[in-house]
Amino acid sequence: TDKGRETTFRLGQRLRHLYVDQLGFLPKIRSNAEDMYLRSSPIPRALESMQQVFLGMYPASARTADFIPPTIVVRSPADETVFPNDANCRRFRQLSRAFANRAAERC
């Protein structure tokens with residue numbers, strides 16, 4: 001949503017303020033993305049959120065003209081570990097079902 005894009009963009013701005021302006025951990029101007037590792041789940045809204053956070057941290061004015069956009073790593077859904085993936089872990093699937101059953105019994 002537009003609100004989601006605005007929120008994640010502002011998150012990027014806050015992260016820039018902290019890690020670039022206050023702490024000096026990241027450079028003010030980016031000329032390349034060689035030392036960056038950006039990762040998202042394969043869910044489209046998560047990928048767009050990652051893009052908005054990056055744009056908030058490094059808007060066009062904070063990137064050189066020859067800056068090549070960074071690669072965002074996205075794993076296949078079967079291999080994803082950013083979110084709970086019960087298709088990938090049998091034990092997690094058992095625990096997840098037990099939790100759902102217990103919650104259903106209590107409610």
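Everything below is about the structure shown above.
Quantities reported herein were computed from a predicted structural model and do not represent experimental measurements.

**Student:** How would you explain the packing of helix α1 (residues 2-22) against helix α2 (residues 44-57) if you had to name every residue and give the values?
**Tutor:** Running from N to C, α1 and α2 cross one another at 40 degrees; their axes reach a closest spacing of 6 Å. Overall, the two elements α1 and α2 adopt an arrangement that is oblique. Seen along the crossing, α1 lies across α2 with a hand that is right-handed. Between α1 and α2, the residues in contact are Arg 5, Thr 8, Phe 9, Leu 11, Gly 12, Gln 13, Leu 15 and Arg 16 and Glu 48, Ser 49, Gln 52, Val 53, Leu 55, Gly 56 and Met 57, respectively.

**Student:** Explain the environment of Val 53 to me, and be specific about the residues and the numbers.
**Tutor:** Tracing the chain through its elements places Val 53 in helix α2. Taking the C-alpha atoms as reference points, Val 53 and Leu 11, separated by 42 residues in sequence, lie 6.1 Å from one another. What Val 53 contacts, discounting residues up to four positions off in sequence, is Thr 8, Leu 11, Gly 12 and Leu 15.

**Student:** Help me get a handle on the nonpolar core, residues and values and all.
**Tutor:** A general feature of soluble globular proteins is that nonpolar side chains tend to end up buried together. Counting nine residues, the largest nonpolar core consists of Val 20, Ala 33, Leu 38, Met 50, Phe 54, Met 57, Tyr 58, Ala 62 and Phe 67. Here this core gets three residues from one element, more than from any other, and that element is α2. Excluding residues within four positions of it along the chain, Ala 33 makes contact with Phe 67, Ile 68 and Pro 70.

**Student:** Let's hear about α2: which residues, and what values?
**Tutor:** For α2, spanning 14 residues, the distance from its first C-alpha to its last is 20 Å, which sits close to the expected 20 Å at 1.5 Å a residue. Of all the residues in α2, the buried ones are Met 50, Gln 52, Val 53, Phe 54, Gly 56 and Met 57. Buried residues in α2 make contact with α1, β1 (38-40) and β2 (72-74).

**Student:** So what's going on with the side chain of Ser 40? Residues and values would help.
**Tutor:** Here Ser 40 lies in strand β1. By relative accessible area, Ser 40 is classed as buried at 4%. Here the side chain of Ser 40 touches Ala 46 through a polar contact of 3.4 Å, landing on its backbone oxygen. Engagement of the side chain of Ser 40 in a polar contact is seen with the backbone nitrogen of Leu 47, the distance being 3.1 Å. With sequence-adjacent residues up to four places away left out, Ser 40 is seen in contact with Ala 46, Leu 47, Met 50, Ile 72, Val 73, Val 74, Arg 75 and Glu 80.

Reading guide: rules and limits
Residues numbered from 1 in each chain as written. Predicted model: local features only at pLDDT ≥ 70, side-chain atom pairs only at ≥ 80, totals over all residues. Heavy atoms only, no water. Axes fitted to C-alpha atoms, helices over the stretch in contact; angles between N-to-C directions. Helix = DSSP H or I, 4+ residues; strand = E, 2+ residues; numbered from the N terminus. Parallel < 35°, antiparallel > 145°, perpendicular 65-115°, else oblique. Left-handed = near helix turned anticlockwise from the far one by under 90°. Contact = heavy atoms within 4.5 Å. Core = buried A, V, L, I, M, F, W, Y, C linked by side-chain atoms within 4.5 Å. Buried < 20%, exposed > 50% of the residue type's maximum accessible area, 1.4 Å probe, protein only. Expected span 1.5 Å × (residues − 1). Polar contact = N/O pair within 3.5 Å; in protein donor to acceptor, adjacent residues only side chain to side chain.

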